[in-house]
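Listed below, chain by chain, are the residues.
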Amino acid sequence: MGSEGTGTVGRHRLLAILTIGLLGAGLGGWAIISHVVAAGTPVTHVQSYAAATFVPVESSTHNNNGNTTCAAFVPSQPGGENKGDLNAKKGSFLENVNLPQGATVTQLTLFANDFDADDGTHVFLVRKEIKGGLSPQFNGYRVMAATQSKGAVLNTMRKFTDTSINVATVNNTRFYYYLELVNCATVEPFDVQVAYTR
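Model, not experiment: these values are computed from the prediction.

Undergrad: Sorry if this is basic, but what is going on with the environment of Glu-188 here?
TA: With respect to the helices and strands, Glu-188 occurs in strand S11 (residues 188-197). Of the polar contacts made by the side chain of Glu-188, one reaches the side chain of Asn-113; its length is 2.8 Å.

Undergrad: How should the nonpolar core be read in this particular structure?
TA: Generally speaking, soluble globular proteins have nonpolar side chains that are buried together. Ranked by size, the top nonpolar core spans 29 residues in total, and within it Leu-99, Val-105, Leu-108, Leu-125, Leu-179, Val-192 and Val-194 carry the most contacts. Listed in part, the 7 residues of the second largest apolar core include Phe-124, Tyr-178, Val-182 and Cys-184.

Undergrad: Explain unusual backbone geometry to me, please; I cannot follow it from the model alone.
TA: Trans is the prevailing form of peptide bonds, just as negative phi is the prevailing case for residues other than glycine. That bond from Ser-135 to Pro-136 is cis: its omega, -5°, falls within 30 degrees of zero. On the secondary structure map, Pro-136 appears in the loop between strand S7 (121-129) and strand S8 (141-148). A positive phi angle, close to 55°, is found at Asn-155, a residue other than glycine. For Asn-155, the location among the structural elements is in the loop between S8 and strand S9 (158-162). Asn-155 gets classed as exposed once you look at its relative accessible area, which sits at 66%. Residue Val-167 is not a glycine yet carries a positive backbone phi of 40°. Within the secondary structure, Val-167 is located in the loop between S9 and strand S10 (175-183). When its relative accessible area of 30% is taken as the criterion, Val-167 is described as partly exposed.

Undergrad: Any chance you could explain the pattern of salt bridges here in plain terms?
TA: Two side chains bearing opposite charge may form a pair once their charged atoms approach each other closely. Counted by the stated rule, this structure contains 1 salt bridge. Between Arg-174 and Glu-129 there is a salt bridge, with its nearest N and O atoms 3.2 Å apart. Taken together, the positions of Arg-174 in the loop between S9 and S10 and Glu-129 in strand S7 put the pair 45 residues apart, joining distant regions of the chain. By relative accessible area, which is 40% here, Arg-174 ends up partly exposed. What makes Glu-129 buried here is its relative accessible area of 14%.

Criteria and cut-off values
- Residues numbered from 1 in each chain as written.
- Predicted model: local features only at pLDDT ≥ 70, side-chain atom pairs only at ≥ 80, totals over all residues.
- Heavy atoms only, no water.
- Helix = DSSP H or I, 4+ residues; strand = E, 2+ residues; numbered from the N terminus.
- Polar contact = N/O pair within 3.5 Å; in protein donor to acceptor, adjacent residues only side chain to side chain.
- Core = buried A, V, L, I, M, F, W, Y, C linked by side-chain atoms within 4.5 Å.
- Buried < 20%, exposed > 50% of the residue type's maximum accessible area, 1.4 Å probe, protein only.
- Salt bridge = Lys/Arg side-chain N within 4 Å of Asp/Glu carboxyl O.

See the structure below:
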């Protein structure tokens, strides 16, 4: 009777251990599957840069006496802000961009109130190589994406997007990144967004 009771208890313990082990393996397998599914769907991150905070500069690569995206060179005016916009100031404006190492840039977007049928706002996402002894020193400059406002719609914030990205992978050890905004007319840019996945 004693050994029979011990055998029954032993079997129950063994069954409990096996059940716990199978449950643990099942949960572990589910966690791995869930992680793989989640990893297979890249999450899009968006960084917003308020146009009113861009720094005005005298001229820029896409707005100078030798070359301009506008009909003619547009001297820069100090920026003003009105309820969130860069208030109808013409010229060149720059903004530093900090992107995570290894991220893949997927989209550049401009939000603007463009009510001028002739001219608009242009924005460029730029990367520039940094390397000791780089010669000529301007090598490694590339526009990754560019978009611009088009047409004329009064009192309306519109969205203008570029998804064709050149060299989309971010490498902060070899390059720095920035935005160049050129306002050719009295357009009101509000925001520039850089979207990326990791």
